[in-house]
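# Structural characterization, general
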Amino acid sequence: MSLSLDCQKLLQGRYEKERLPQDFSPERIVPDFAFNILNSLGLLYRPVVDEDYLAKGGSRPVWPEGKPFAVCLTHDVDHVSRYSFRQSARMFARDLPVSRALPKKARGLIGLGLNAAQAIRHANQDPLHCYERWLEAEADVGARSTFFFWPGWGSVGKHHSSDCTYELSDKVVFDGQKCTVAEMIREIDHRGWEIGLHPSWYSFDDVDEMKRQKAALEKALGREVVSVRQHFLHYDIRVTPHIQAEAGLRYDSTLGFNDNVGFRFGTCYPWRLYDLQAEEELPILEVPLIIQDGAMLKPEKGMRLDGETAFQYVVQLTESVERVSGILTLLWHPNYQDNPIWWNLYIRIISYLKEKNAWFGTVQEVAGKGCQKKHP
Ligand SMILES: [Zn+2]
C-alpha cells in the first residue's frame, strides 16, 4: 500500500500542529488519539512510516546478537507511597488557593485526616514499598528498564492538580531497607537500570522549569540525566521538543497516547525531533511510546479492556513492530504493583516478549542502537 501522507511532514509534527484542538491551552486536558491524522485514516495500529521506508529500500535497524526487534520497558513513577501524610498535605496545600468553595476545602480536610489515619495504620507496611519487584521481574527475562522519576515537590515552581506530590527526601522502603527516594533512585541506577526525568505538567513550555527539574534529579542521582517523559504526556509539538533540547535532554519518550495504543507518528523507529518555530532538526531523539497500561486497563477511561483482550492487542502490536524490526516501547506505572490484573499482565507480556527473542534496552540504549539505520 502506498502512503498518501508525507512522511517527513508527519515526523516533523506538522500534521499534529495543524490538528491541535481549538481550545488547546496549558490547562486543557491532553488531546489524544482522536485528534491524530492516522486515527482518522484507520492506520493507528500499523507503523506505516516504517513500512513505507522499507518498501522504498531503506535498511532495517540492526539489534545486538541478531535479535529481530527491540523492546523498551519504562515506568513513570507518579507515586512512591500509597499512604503518606506528608504527600497528602502537600496536595492539600496546593489545592487550597483554588478551592475557594467551603465544601471542597472541607472535603480536602476530611481526605487529609483519613490519609493521616491510613498512614499511621500502614506505617510499617506501605503496599508500594516494594519497587524492587519490578527489577526482579525484569531481570528474570534479561531486561532492564527506564524509571522516569519526578524531580521532587520543591524543585517545581508552578504546581498543577495532576502533578506528583513526593519529595526526593521522603522515606520509602526498597528491597527491605528503609531509605529516601533519592537513595532508592541511586540504587536502581547502581543496578544498571536507567533513571529518566518525569517533569511536571507546566514544564512543557518553560525552559527554566525543565532545567531546574533536571538539575534537581541529577543532584539526587549524582550524574547526568538524558531521557525524559512528560508527566501525563502533557506536550505541545510546537514548543516542547525545543524546551527539552535546550535543557540538555537527548531522548524523549512522550509521544504515545493516554487513551489508546498504537503508533502516534506512524513509526516505531527513533527519529530526531523538529523545531517548528526555528525550522530545524533538534539534537533530541524520540523513542515513541506504543503501549501504556492505563490506556488499556483503566475501567473509567480509554480502551477499558480486561487482561486477556489487552494481551491480544499487545500481540498484534508486537507482530507489527517485529515486521519492521522496530522498538516496542511499553509504559507500566509501578504504583499498580498490587493490582493483580495489571501486574499479571505485565509479567505475561515480558515473558511473551522474551519468547519472541526481543532485545531489551533502556530508552537511552534503544535510541542509541536504533538510530543507526541507513536512509535510502
Ligand atoms: Zn506521570
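Scope of this entry: the structure provided in the associated data block. Only a predicted model underlies this, so the values are computations on that prediction, with no experimental measurement involved.

## Structural notes on empty space enclosed by the protein
Using the criterion set out here, one finds one cavity of 30 Å³ or more in the structure. One number sums up the size of the largest cavity: a volume of about 230 Å³. As for the largest cavity, its lining consists of 19 residues, of which Glu16, Asp32, Phe35, Asn36 and Arg264 are closest to the centre. For the lining of the largest cavity, the per-class residue count stands at 13 nonpolar, two polar and four charged.

## A word on the side chain of Arg229
Along the chain, Arg229 turns up in the loop between β6 (227-228) and α10 (240-246). Overall, Arg229 belongs to the buried group, its relative accessible area being 0%. In this structure the side chain of Arg229 is engaged in a polar contact, spanning 2.9 Å, whose partner is the side chain of Asp76.

## So, the coordination of the zinc ion
At 2.0 to 2.2 Å from the zinc ion lie its protein donor atoms, namely Asp78 (OD), His198 (NE2) and His231 (ND1). Overall, the relative accessible area of 4% leaves His231 in the buried class.

## Comments concerning the environment of Arg323
Inspection of the secondary structure assignment puts Arg323 in helix α12 (residues 307-323). Since its relative accessible area comes to 52%, Arg323 is described here as exposed. Here the alpha-carbon distance between Arg323 and Asp50, two residues 273 residues apart in the chain, equals 9.7 Å. Non-local contacts of Arg323, meaning those with residues more than four positions away in its chain, are made with Leu54 and Arg60. Here Ser320 takes part through its side chain, which lies 3.4 Å from a polar atom of the side chain of Arg323.

Thresholds applied
Residues numbered from 1 in each chain as written. Predicted model: local features only at pLDDT ≥ 70, side-chain atom pairs only at ≥ 80, totals over all residues. Heavy atoms only, no water. 1 Å grid on protein atoms, 1.4 Å probe; cavity = no way out; pocket = protein on both sides within 12 Å on 5 of 7 lines; lining within 4 Å. Points joined across faces, edges and corners; volume = space filled by probe spheres on them. Nonpolar A, V, L, I, M, F, W, Y, C, P; charged D, E, K, R; others polar. Helix = DSSP H or I, 4+ residues; strand = E, 2+ residues; numbered from the N terminus. Buried < 20%, exposed > 50% of the residue type's maximum accessible area, 1.4 Å probe, protein only. Polar contact = N/O pair within 3.5 Å; in protein donor to acceptor, adjacent residues only side chain to side chain. Donors = N, O, S within 2.8 Å, 3.2 Å for Na, K, Ca; no water. Contact = heavy atoms within 4.5 Å.

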